[in-house]
Amino acid sequence: MTNVGADVLDWYEVKFQDARRQGYWHNGRLKPVRHLIERIKVKGGQTVVDTVLYTHHGPVAYLPHEKPFRSSSTPTGHAIRWTGHDTQNELKTLYAVNRAQTYPQFREALKTWAAPAFNFVYADSQNIAIISNGLFPLKWPGQGQFLLDGTNPAHDWQGWVPMEQVPQVLNPARGFVSSANQTPVHPKDYPYYLGSSFAGYERSARINQRLSAMTQATPDSFRRLQTDTYSFVPQNVLPTLLQLIQQESLNAKEKTAYQTLSRWNYFYDADQTAPYLFEQWWQAFATAVWADEFPADTFKAPGPDRLVQLLLHEPNARWFDDVTTPQKETVTDVAATTFKKVVENLPAAAAQLRWGKAKKSAIRHLAQLPGFGQELNTGGSANSINALNGSHGPSWRMVVQLGPQVQAWGVFPGGQSGNPGSRFYDNLLDDWQAGKLHRLLFLQGIDDRKEQTGVVWVMKGK
Amino acid sequence: MLFLFILLFSLLAQFFLPWWSIAVICFAMAFWKAHRGGQAFFSGFTAIAVTWLGAALFWHMVTDGILSTRVAAMFSLNSPWLLLAVTVLLGGIVGGLSALSGFLVRRAWRSVFGLFSGK
């Protein structure tokens, strides 16, 4: 199961009757606001009493005069419509999935799963399938990208995508199913609008590329697939960016950086320096393009896909001009200035440029205590299969081989013990970094005692 | 003698009471038994230092040094042995100063008492 990034949360501006907020306008009529008093008990302190206002859209997150905790992304005076608030029976799905004998039974079991929507992968001895399953509201294309009008009934969700018609595929001709949180359907192939901000396509493109090329795959092929560090991002944009640079105008340091980048094979490996150079440049480039029109503290800049589109197909777009200067900047200017700035600010020590260290990935203690977490030195990037980026990454790795006997291998970056004085606190971390997996115990019956069995507990009824 | 009393009682107390109970014990023991300021401080310092050294060594040993290395890193120290030294010193200072206070308070109390009884 992996997350589906469908848009299942919308904001509706509420027009209250008056300052008492006993009613709100919808469809030209006044409707009652339900006032619900929540009491939040505080240990050693006074109980916090909070009145939450409910419309038919959902709860009002902040009243018009209130200041949100995250002011840049939360509108005030708006009601939240979210599938997570609908009553459904996800536990029933899991119960029935665990007892399903056939694919139709499995499909039937998913129908009570509302939120969060997941890509459910299915495999039995004859079939494979993937279903992007959940409760998806019926929307017009683009609905919910912006704030909606809570008084207009046309802005309400008009029903649900029928559970039989969620994105799915059974036994595709290509011989495999996959997902890396990307959009599960092409808008032209699927009649319903699901949302506009899924994870980028790059990781799943690389997965599909590797899977298509595999023949005679073994569990170890999948283990190696999990730590693949290739990324389509530089493959798509770096050649174009490099072409924009006038090589004659470069000084010695810039020339070296240019050559490092032009020789790069787009693998984000720990010992390479090109990934760090590229990431710095691409980030600086994005900031230079968007920050003038969309200051980060008040605006959300357009996504990475839009930037790629601009660079590759719309080099004359007005967005490349820095509106805060009197001159007219072009895409070439932006590329050259950001490249030179990035190279100028590079740390002098070569060791600090190596991607494994430079990306500063770490697994920290919950309380950020130094000494209780660990710095990582490993490859990967947000858009590689090994999606390790900062403090986020592929924490649970598993390969399962079905067959007469189910076999599985897995690892997670940590240990079984929460005691920081135990060697089992983080003993799996190094294996996880190196992409090693451990055989998982899957006991077949009460007499199945694998060699790792350290303790046997016998439960006796009275 | 004072050293042994503090050692024994503070060791027992720390199994059940919060860490600052050592200050109360050092104070009370020195109030009762100390003869000189120097002796009070020295007994309190060494007795508490020994118990804290024992506890720190115990946790260092049973975790193969893992826990003390982590806690040392938390305090920006690069060696668990340095952490051990700081631990012993801190405990010692608390013990020594508490015992010294106990002795000084008794002396002050006696002189006041002496004044009132006309001696």
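Just so it is clear, the model here is predicted, and its values are computed rather than measured. The numbering scheme is per chain: residues are counted from 1 as the chain's sequence reads. Labels follow written order: the first chain is A, the first ligand is 1, and so on. The predicted nature of this model means local features are confined to residues of pLDDT at least 70 and side-chain atom pairs, given and counted, to a pLDDT of 80 or more, with totals for whole chains, interfaces and linings taken over all residues. Only heavy atoms go into the side-chain values, all of them from the structure, while hydrogens and water stay out.

Caption draft 1: Examining the overall build of chain B more closely. Each helix is a run of DSSP H or I of at least 4 residues and each strand a run of E of at least 2, with the numbering of both proceeding from the N terminus. Helix and strand counts for chain B stand at five helices and zero strands. Tracing chain B from N to C terminus, the helices and strands come up as α-α-α-α-α. In this treatment the radius of gyration is a C-alpha quantity, and the globule benchmark scales as 2.2 Å times the residue count to the 0.38 power. Relative to the compact-globule value of 14 Å for 119 residues, chain B shows a C-alpha radius of gyration of 17 Å, a clear excess of over 25%. Buried residues in chain B amount to 37% of all 119 residues. In this analysis, two residues are considered to be in contact whenever any of their non-hydrogen atoms come within 4.5 Å of each other. Counted over contacts in chain B with a minimum sequence separation of 6, partners at least 24 positions apart contribute 77%. As displayed, chain B has an accessible area near 7300 Å², and 78% of this comes from carbon and sulfur atoms. Here the term buried applies to any residue with accessible area under 20% of the maximum for its type, exposed to any over 50%, and partly exposed to those in between, with areas from a 1.4 Å probe on protein chains only. The Shrake-Rupley method, run with a 1.4 Å probe, gives the accessible areas here. Residue values count only the displayed protein chains as cover.

Caption draft 2: Spatial organisation of the overall build of chain A. Of the regular secondary structure elements, chain A holds eleven helices and 16 strands. If you line up chain A on its principal axes, its C-alpha atoms span 75 × 70 × 55 Å. Relative to its 462 residues, chain A shows a buried fraction of 39%. Of the contacts made within chain A by residues no fewer than 6 positions apart, 57% connect residues no fewer than 24 positions apart. Carbon and sulfur atoms make up 53% of the accessible area of chain A, which totals about 27300 Å². For this count, His and the chain ends are skipped, Lys and Arg are scored as positive, and Asp and Glu as negative. By convention, charge coordinates are those of NZ in Lys, CZ in Arg, CG in Asp, or CD in Glu. Charge centroids of chain A, computed over 46 positive and 40 negative side chains, lie 6 Å from each other.

Caption draft 3: Layout of the packing of aromatic side chains. Residues and elements named next belong to chain A. Two aromatic rings, drawn from Phe, Tyr or Trp (for Trp, its six-membered ring), form a pair once their centres lie within 6.5 Å of each other, and the interplanar angle then sorts them: stacked below 30 degrees, edge-to-face above 60, tilted otherwise. All chains considered together, the criterion is met by 32 aromatic pairs over all chains. Ring plane angle 75° and centroid distance 6.3 Å describe the contact between Tyr230 and Tyr266, whose orientation is recorded as edge-to-face. Within this pair, whereas Tyr230 is found in the loop between helix H4 (219-226) and helix H5 (232-243), its partner Tyr266 is found in the loop between helix H6 (252-262) and helix H7 (274-290), the two being separated by 36 residues in sequence. By relative accessible area, Tyr230 is classed as buried at 9%. An angle of 70° between the planes, with centres 5.1 Å apart, marks the rings of Tyr230 and Phe267 as edge-to-face. With Tyr230 in the loop between H4 and H5 and Phe267 in the loop between H6 and H7, the pair connects residues that are 37 residues apart, well separated along the chain. What makes Phe267 partly exposed here is its relative accessible area of 26%.

Caption draft 4: Broad picture of the nonpolar core. Residues and elements named next belong to chain A. Nine residue types can take part in a nonpolar core, namely buried Ala, Val, Leu, Ile, Met, Phe, Trp, Tyr and Cys, and a core is a set of them joined through side-chain atoms within 4.5 Å. Counting residues in hydrophobic clusters, the biggest one holds 43 residues, and the most contacted among them are Leu241, Leu261, Phe278, Trp281, Trp282, Phe285 and Phe339. For this core, the secondary structure elements donating two or more residues are H5, H6, H7, helix H8 (304-313), helix H9 (331-344) and helix H10 (355-358). Looking at which element gives the most residues to this core, the answer is H7, with nine residues. When near neighbours in sequence (up to four residues on either side) are disregarded, Phe285 contacts Leu241, Leu307, Leu311, Phe320, Val331, Val334, Ala335 and Thr338. Core analysis: the second largest hydrophobic core is formed by 19 residues, Tyr103, Phe106, Phe136 and Leu194 among them.

Caption draft 5: Representation of the domain arrangement of chain A within the structure. Residues and elements named next belong to chain A. An automatic or database domain assignment provides the domain bounds reported here. Parsing chain A into structural domains produces domain 1 (9-85), domain 2 (87-199) and domain 3 (232-358). Taken together, the 18 residues of domain 1 in the interface contact 18 residues of domain 2. Counting each side, the surface lost to burial between domain 1 and domain 2 is near 1400 Å², with a carbon and sulfur contribution of 56%. Salt bridges are defined by distance alone: a side-chain nitrogen of Lys or Arg within 4 Å of a carboxyl oxygen of Asp or Glu. Here Asp10 ties to Lys139 by a salt bridge, and the two come within 3.0 Å at their closest N and O atoms. For the side of domain 1 that touches domain 2, the elements supplying multiple residues, two or more each, are strand S2 (9-13), strand S3 (23-26) and strand S7 (78-82). Per-element tally for the side of domain 1 that touches domain 2: the top contributor is S2, with five residues. All amino acids are sorted into three groups, where Ala, Val, Leu, Ile, Met, Phe, Trp, Tyr, Cys and Pro are nonpolar, Asp, Glu, Lys and Arg are charged, and the leftover types, Gly among them, are polar. For the side of domain 1 that touches domain 2, the residue count by class is six nonpolar, eight polar and four charged. Values labelled buried area give the accessible surface lost by two parts on being combined, using a 1.4 Å probe and summing over both.

Caption draft 6: A look at the interface of chain B and chain A. In this complex, chain B contributes seven residues to the contact, which on the side of chain A involves ten residues. For the pair chain B and chain A, the two sides together bury roughly 720 Å², of which 63% comes from carbon and sulfur. The largest share of the area that chain B buries against chain A comes from Ile66(B), Arg70(B) and Met74(B), three residues that together contribute 72% of it. For the pair chain B and chain A, the interface holds one salt bridge.

Caption draft 7: Quick look at the sheet that holds strand S14 (residues 397-401) of chain A. Residue and element names in this part refer to chain A. Ordered by their spatial adjacency, three strands build an open sheet running S14-S15-S16, and the pairing between neighbours is antiparallel. The outermost strands of the open sheet, each flanked by one partner alone, are S14 and strand S16 (438-439). Between any two strands, at least two bridges found by DSSP are needed for them to pair. Here two bridges tie strand S15 (residues 407-411) to S16, and the two strands are oriented antiparallel to one another. Residue Gly410 lies in a different strand from S16, and its bridge partner there is His438. Between N-to-C directions, angles cover 0 to 180 degrees, with each direction set by a line fitted to C-alpha atoms, over the stretch in contact for helices. With respect to the sheet, H4 is in contact with S14 and S15, its orientation differing from that of S14 by roughly 160°.

Caption draft 8: Local environment of unusual backbone geometry. All names here are of chain A. The peptide bond linking Ala115 to Pro116 adopts the cis configuration, its omega dihedral lying at -5°. Within the secondary structure layout, Pro116 lies in the loop between helix H2 (103-110) and strand S8 (118-123). Its identity is not glycine, yet Asn181 carries a phi of approximately 65°, on the positive side. Its place among the elements puts Asn181 in the loop between strand S11 (168-170) and helix H3 (202-213). Unlike most non-glycine residues, Tyr266 shows phi in positive territory, near 70°.

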